[in-house]
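Now for the letters of each chain:
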Amino acid sequence: MNEILFPIILVAGIGLIAGLGLAIASIVMAVPKDETAEKIEELLPGANCGACGYSGCSGYAQALASGEAKPGLCSPGGAAAAAAIGEVLGVSASVEAKTALVHCLGSYDHTTDKMEYEGIPSCAAAAQLAGGITSCRFGCMGLGDCMRACNYDAIKICNGMASIDPAKCRGCSMCVKACPKGLISFVPLKAQAVVRCSNCDKGAVTNKVCNIGCIGCGKCVRSCESGAIRLENFHAVVDPEKCTACGKCAEACPRHCITMFGALPQTS
């Protein structure tokens, strides 16, 4: 009998000692809870999209509680979340309304596909084939990765390209991450000029693949009196902070790839 009880008692004793050791270690090594961070995290939408620039809602809450971040960076939470977080922190807070925008106008009215694609209906998959299926290697392929990533039904695919409805966009950045061409970015939801092209080829090359692509001619730069436009990698880039929405660049653009945001269709 002793031969049976002894190993049982020995194993039980080892388990008891190990359990006590783990319990003590959990107390000694426990990370103190930050009640402020926990309150803030409860006010965030839980999208964990990273649009704020931090590692999800928990990371943003910790940064807010420690004073490393500003309220108002959570686009999905909007003004309501910013105000509630500001109340917890004892500061005034607001959020700049933004929307995702597709920097491409290359529908089938303006460009064509360079191949007949019969693979997986995914932009990420098609992009592996010689840079994509469109004649413009920088253009939207319209296979809907961004649309499937959007949880707010803000993106539609029409005539071979994606378009975003600013009224539905919550700024979660999931579409930005989903686009393999990097065609989607956030712009302030205000009157401004936007360049709807991401082509970085020289003008002569762009002319061959798209009749609305930016050719880097610089006419928009010269027409802008506020210095809001620069040429970068053979295409125009608008600084929304400097743009006064005068519309002169859109009038000067011979390719009509600069549009005024206030004049965008509801589905763009």
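Everything that follows concerns the structure shown earlier in this document.
Residues numbered from 1 in each chain as written. Predicted model: local features only at pLDDT ≥ 70, side-chain atom pairs only at ≥ 80, totals over all residues. Heavy atoms only, no water.

**Q** Help me out: how do you make sense of the nonpolar core in this one?
**A** Within soluble globular proteins, side chains that are nonpolar tend to cluster in buried spots. In terms of nonpolar packing, the biggest core is built from 17 residues, with Ala193, Val195, Cys220, Ile229, Ala236, Cys249 and Ile258 touching the most fellow members. Put simply, the parts of the chain that give this core at least two residues each are β5 (193–195), β7 (235–238), α10 (248–252) and β8 (258–260). Apart from residues lying up to four places away in sequence, Ala236 is in contact with Val195, Cys214, Cys220, Ile229, Arg230 and Leu231. Cys140, Ile164, Cys179 and Leu183 belong to the second largest nonpolar core, which has 16 residues in total. (Core = buried A, V, L, I, M, F, W, Y, C linked by side-chain atoms within 4.5 Å. Buried < 20%, exposed > 50% of the residue type's maximum accessible area, 1.4 Å probe, protein only. Helix = DSSP H or I, 4+ residues; strand = E, 2+ residues; numbered from the N terminus. Contact = heavy atoms within 4.5 Å.)

**Q** Sorry, what's going on with the pairing of strand β3 (residues 161–164) here?
**A** Put simply, side chains in a regular strand alternate between the two faces of the sheet. Side chains Met161 and Ser163 project from β3 onto one buried face, and the interleaved Ala162 and Ile164 project onto a second face that is buried too. Of the pairings in the sheet, the one linking strand β2 (residues 155–158) to β3 comprises 4 bridges and is antiparallel in character. Its bridge partner being in β3, Cys158 is matched across the sheet by Met161. Where β2 hands over to β3, the hairpin turn is made up of 2 residues, of which Asn159 adopts a positive phi near 55°. (Pairing = 2+ DSSP bridges.)

**Q** Quick question: what am I supposed to make of the packing of helix α2 (residues 35–43) against helix α4 (residues 78–89) here?
**A** What describes two packed helices is the angle between their axes and the distance between those same axes. Direction vectors running N to C along α2 and α4 enclose 165°, while the axes themselves pass 9 Å from each other. As the angle between them shows, α2 and α4 are arranged roughly antiparallel. Once α2 is placed against α4, the crossing between them reads as right-handed. Residue-level contacts link Thr36, Ile40 and Leu43 of α2 to Ala81, Ala84, Ile85, Val88 and Leu89 of α4. By residue class, the composition of the contact of α2 with α4 is 7 nonpolar, 1 polar and no charged. (Axes fitted to C-alpha atoms, helices over the stretch in contact; angles between N-to-C directions. Parallel < 35°, antiparallel > 145°, perpendicular 65-115°, else oblique. Left-handed = near helix turned anticlockwise from the far one by under 90°. Nonpolar A, V, L, I, M, F, W, Y, C, P; charged D, E, K, R; others polar.)

**Q** Which parts of the structure should I look at to understand empty space enclosed by the protein?
**A** Take a probe with the size of a water molecule and roll it over the atoms, and the empty space left behind shows itself. Counted by the stated rule, this structure contains 7 cavities of 30 Å³ or more. The calculated volume of the largest cavity comes to roughly 120 Å³. Around the largest cavity, the lining comprises 18 residues; the ones closest to its centre are Cys104, Gly106, Cys136, Gly139 and Cys210. Partitioning the lining of the largest cavity into residue classes produces 9 nonpolar, 8 polar and 1 charged. Taken as a whole, the second largest cavity spans an internal volume of roughly 100 Å³. The wall of the second largest cavity is formed by 16 residues, among which Cys123, Cys140, Met141, Cys146 and Cys179 lie closest to the centre. (1 Å grid on protein atoms, 1.4 Å probe; cavity = no way out; pocket = protein on both sides within 12 Å on 5 of 7 lines; lining within 4 Å. Points joined across faces, edges and corners; volume = space filled by probe spheres on them.)

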